[in-house]
Amino acid sequence: MPLRRRRTLFFSLAIVIGSWMAAYALTLFHLRNETLGDGLKQAEALAHNFEAELTRTLDMVDLLSLSFEPRDSATPASLHFSRNLNDALRQAPYLRSISVLTPEGRVLASSTPANVGKQVSLQDFFPEIDPAAANFRIGTPWQGRDLNEARPSTPEAPVVVGDPYFLPVIRKIGQQNQTLVVLAALNPDYFLLHFTKLLSAHDGRVQIVRLDGRLLASTAGNDLPGSERRAGDVEILFAQTEFGRMEQTLPDSQRYLSAFHVSSHYPAAIVVHLDRDGVLDRWRDNVRGLSAIVFPILAALTAAMLMYWRRQQRLIERERELDAQRRLTASLFEATSDAVFMTAPDGAILAANPAFERISGYDGSEVLGSNPRLLSSGLHDRNFYQTMWHSIVTTGHWQGEITNRRRDGSLYLGLLTINAVRDETGRLAHYVGVTADIGERKRQEAEILAARDKAEAASRAKSTFLATMSHELRTPLNGMLGMTELLLRSSLDHRQRHRLEVVRSSAESLLGILNQILDYAHLEAHGIDIERAPFDPVALINDVVRLFAPQALAKSLALAASTAGTLPTAVIGDTLRLQQILMHLLGNAIKFTEEGRIEVQLSLNDTGDKLRISVTDTGIGIAETVLPTLFTAFMQGDGSLSRQHGGTGLGLAISRRLAEAMGGDLTAHSQVGHGSCFVLELPLECP
């Protein structure tokens, strides 16, 4: 019996394990097929989306071409078109240029003047029909930025990778003896930027293909515009159906999930290729997840049954979560705080959420079947609504601020978004409008702007007061200095002369402080005006050094100027501001250096695009903790040293402000007891 039971158990385990393995394999197979199917659906959805964008853009180009129909035979064609082409181009970011050609292909007028007179071949445009026909036709990619420098590509000589190119499209305009051709140069980057936003190059590629198989544009770098058979076998289906999908191998030997959508009006198609291995990565993730569950189950029957039961429980819980998410998604319409309404294509309201009732004051059942015009405030003119519907009709979307009227007659400001929703065939199904009440936000923004203006006014008043006080204090100080100087020239004994010299020194120090405060206040209140004139940088450095030579000699300091490398004899800049900075730096270097030397060096930076002036001394140095605040107004390196040497802490702050106003920067490197080095870098501009 035990042996029989063991055999029965073994047989049962074999059946269970075999069943588990079969179920496991079938599950993997089903998930794989489901993943590939989802990938094909994703490719088809992207192709439909991109085709709508392509067709909508070509519609705009077609309408733009028709707008140039000659209206007055008495007006020369070149004069008639030259007035309108540039205005039309500014409204069409998807175009490089737009030109009007004679039937023989000579450029009569163009938004790019250099194109005028160029002879353009009207061959190789698709569909291949009589050039005099009025059909909208697409040419092969032309290498170059515009007609005046471009050449058509061929399958044997496609567009070179990285070179600019454009897509020429033509349409005949006019009648009888006024027949002309409009040639628009489409910018492929306009489409490729839109494609890559929704599908990265890592996940696949998007192609624009002419219906004869010529590649017009692609997001893949190895797809050369102008070449043929780059979309694979889907090109065979272009003539049979407007859209389709398949799994195929492209010329680069990789497998892709491909889908296409032919433009409803124009001889071109969008083809989307998803990397099959990338799509299957999601299936492999599922395989790893299932393997982590199944194989431990097969280790022991009890553990297997327990883990199976737990997996089933997780699946049930996941289904509950998914069901809850579905209910949550369905409740968003009801729970959102923005007013949402849905209308039929004719504008009749089909549904409205509770927020619509709360904001507008209308009951949901009361507005069913009504037109949203019942919310009109009467404050918007007819042009406002015409612009709104033109955007909705042409792009399927409009967003803007609108003032509506509630049921009780009060007005409210809303941010209205209207989207046109189309079914899988592209037919308009309904409109969805979402209105956010932004009245409170607008009031808060107004309050913030008012507070900002008040703060700026207070700052200007402070700077003006500081400048006025500094100016008023300088006047009596200058009087004191003048009278002190007169007294020093009179007959005085030694004690009187010493005391007057102390008075003069103190007054001069105070006057210097007031001058710095006045300079800083002027910068705060009025900003910095920079003059630009040529000057010799070497001569300027030498002049400033000679100016400070007596002060250095009085302290027995060596003061020298030097140059490094080859320097220009003339540069453009503000000599007065540059002298002001150097005088601050040299004054500080002499003030804080008791022995040694001070060197001013002029050179270019490593890249050669900036003028570099360094002032190096062997003075007391600056502590590392002080360097971050060294250029802050009214901050000084050391309190004891500032008391010993005087100063306000404004000189370096003013110097950095001046350097930044000239497009440069002022930095400092220092070590206590080993001196300091201040480096001024300014953009190098030669006359």
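You'll find the structure just up there.
The following refers to the structure shown. (Residues numbered from 1 in each chain as written. Predicted model: local features only at pLDDT ≥ 70, side-chain atom pairs only at ≥ 80, totals over all residues. Heavy atoms only, no water.)

**Some words on the overall build of the protein**
Summing up its helical and strand segments, the protein has 15 helices and 24 strands in all. For the protein, the proportion of its 687 residues judged to be buried stands at 39%. Expressed as a percentage of contacts within the protein between residues at least 6 apart in sequence, the contacts between residues at least 24 apart total 56%. About 37500 Å² of surface is accessible on the protein, with carbon and sulfur atoms providing 55% of the total. (Helix = DSSP H or I, 4+ residues; strand = E, 2+ residues; numbered from the N terminus. Buried < 20%, exposed > 50% of the residue type's maximum accessible area, 1.4 Å probe, protein only. Contact = heavy atoms within 4.5 Å. Areas by Shrake-Rupley, 256 points an atom, 1.4 Å probe, with all protein chains shown as cover.)

**Regarding empty space enclosed by the protein**
Counted by the stated rule, this structure contains two cavities of 30 Å³ or more. Size it by volume and the largest cavity reaches roughly 50 Å³. As for the largest cavity, its lining consists of L54, L58, I138, L167, L186, F191, I208, L216 and A268. Taken together, the residues of the lining of the largest cavity sort by class into nine nonpolar, no polar and no charged. (1 Å grid on protein atoms, 1.4 Å probe; cavity = no way out; pocket = protein on both sides within 12 Å on 5 of 7 lines; lining within 4 Å. Points joined across faces, edges and corners; volume = space filled by probe spheres on them. Nonpolar A, V, L, I, M, F, W, Y, C, P; charged D, E, K, R; others polar.)

**Details of helix α13 (residues 575-591)**
Counted at 1.5 Å a residue, the expected span for α13 with its 17 residues is 24 Å, and the 24 Å between its end C-alpha atoms agrees. Within α13, the full set of buried residues consists of R577, L578, Q580, I581, L582, H584, L585, L586, A589 and I590. Two or three places before L576, at the start of α13, stands the capping residue D574, its side-chain oxygen 3.2 Å from that residue's backbone nitrogen. (Expected span 1.5 Å × (residues − 1). Polar contact = N/O pair within 3.5 Å; in protein donor to acceptor, adjacent residues only side chain to side chain.)

**A word on the sheet that holds strand β10 (residues 243-249)**
Spatial ordering of the open sheet is given by β9-β8-β12-β11-β10, a layout of five strands whose pairing is antiparallel. In this open sheet, the two edge strands, each paired with only one partner strand, are β9 (215-218) and β10. Taking the axes of each pair of neighbouring strands and ignoring which way they run, one obtains an average angle of 20° across the sheet. The pairing of strand β11 (residues 255-262) with strand β12 (residues 268-275) spans seven bridges and is classified as antiparallel. (Pairing = 2+ DSSP bridges. Axes fitted to C-alpha atoms, helices over the stretch in contact; angles between N-to-C directions.)

**What about the pattern of salt bridges?**
Side chains that differ in sign of charge can pair as their charged atoms come close. Applying the stated criterion across every chain, the model contains 24 salt bridges. Between E594 and K555 there is a salt bridge; the shortest N-O distance is 3.8 Å. Of this pair, E594 sits in the loop between α13 and β21 (597-604) while K555 sits in the loop between α12 (537-554) and β19 (558-563), placing them 39 residues apart in sequence. For E594, a relative accessible area of 48% puts it in the partly exposed group. On the basis of relative accessibility, which here comes to 26%, the residue K555 falls in the partly exposed class. (Salt bridge = Lys/Arg side-chain N within 4 Å of Asp/Glu carboxyl O.)

**Observations regarding the side chain of S614**
Note that S614 resides in strand β22 (residues 610-617). Ignoring any residue separated from it by four or fewer positions in sequence, one finds S614 in contact with E599, V600, Q601, C677, F678 and V679.

**Re the layout of surface pockets**
In this structure, the second largest pocket occupies an estimated 700 Å³ of space. A52, E53, R56, R422 and G426 are, among the 28 residues lining the second largest pocket, the residues nearest its centre. Listed by contribution, the elements that provide at least two residues to the lining of the second largest pocket are α1 (2-66), α9 (382-395) and β16 (411-422). Considered class by class, the residues forming the lining of the second largest pocket number six nonpolar, 14 polar and eight charged.

**Some points on the packing of aromatic side chains**
Counted according to the given criterion, the structure contains 10 aromatic pairs. With 5.8 Å between their ring centres and 85° between their planes, F384 and W398 make a pair best called edge-to-face. Note that F384 is positioned in helix α9 and W398 in strand β15 (residues 397-405), a separation of 14 residues in sequence. W398 shares its class with F384; the two are buried. Every member of this aromatic cluster is reached through a ring pair, and the members are Y94, Y190 and F191. (Phe/Tyr/Trp six-rings, centres within 6.5 Å; stacked < 30°, edge-to-face > 60°.)

**Topic: the nonpolar core**
Counting 56 residues, the largest nonpolar core has L95, L186, I270 and V272 as the members making the most contacts within it. Among the elements that take part in this core, α1 stands out by supplying 13 residues, more than any other. Judged by nonpolar contacts, the second largest core, of 37 residues, contains F548, I622, M662 and L682. (Core = buried A, V, L, I, M, F, W, Y, C linked by side-chain atoms within 4.5 Å.)

**Let's talk about the sheet that holds β21**
The strand order across the open sheet formed by five strands is β19-β21-β22-β24-β23, and the pairing between neighbours is mixed. The open sheet terminates on both sides in strands that have one partner only, identified here as β19 and β23 (665-670). Each adjacent strand pair in this sheet contributes to an overall mean axis angle of 15°, direction not counted. With six bridges connecting them, β19 and β21 associate as parallel partners. Within the sheet, the bridge partner assigned to S562 lies in β21 and is Q601. Of the strands in this sheet, β19, β21, β22, β23 and β24 (676-683) touch α13, which is tilted by about 20° from β22. In this fold helix α15 (residues 651-661) packs onto β23 and β24, with an angle of close to 135° to the strand it touches most, β23.

**Points about the pairing of strand β1 (residues 95-101)**
Within β1, seven of the seven residues are buried, leaving the element largely enclosed by the surrounding structure. Sheet analysis places β1 next to strand β7 (residues 180-186), joined by six bridges and oriented antiparallel. Paired with L101 across the strands is V181, a residue of β7. The pairing of β1 with strand β2 (residues 107-110) spans three bridges and is classified as antiparallel. When the sheet's bridge partners are listed, S99 is paired in β2 with S110. Between the antiparallel neighbours β1 and β2 lie five residues, among them G105 with a positive phi of about 100°.

**Considering the environment of D212**
Position of D212 relative to the elements: it lies in the loop between β8 (204-210) and β9. Under the relative-accessibility criterion, D212 is labelled partly exposed at 32%. Put simply, D212 and I236 are 24 residues apart on the chain and 9.7 Å apart in space, counted from C-alpha to C-alpha. There is a polar contact of 2.7 Å between the side chain of D212 and the side chain of R210. Within the local environment of D212, its side chain forms a polar contact with the backbone nitrogen of R214, the two atoms lying 3.3 Å apart.

**As for the environment of V116**
Inspection of the secondary structure assignment puts V116 in the loop between β2 and β3 (137-138). Judged by relative accessible area, which is 43%, V116 ranks as partly exposed. Residues V116 and S99, spaced 17 residues apart in sequence, show a C-alpha to C-alpha distance of 8.2 Å. When neighbours within four sequence positions are excluded, V116 is seen to be in contact with V107, L108, A109 and S110.

**Overview of the packing of α13 against α15**
Put simply, α13 and α15 touch, their axes get as near as 9 Å, and they point 150° apart. Of the possible angle classes, the one that applies to α13 and α15 is roughly antiparallel. Between α13 and α15 the crossing geometry is left-handed. Here R577, Q580, I581, H584, L585 and N588 of α13 come into contact with α15, specifically with G651, L652, I654, S655, L658 and A659. Taken together, the residues that form the contact of α13 with α15 break down as six nonpolar, five polar and one charged. (Parallel < 35°, antiparallel > 145°, perpendicular 65-115°, else oblique. Left-handed = near helix turned anticlockwise from the far one by under 90°.)

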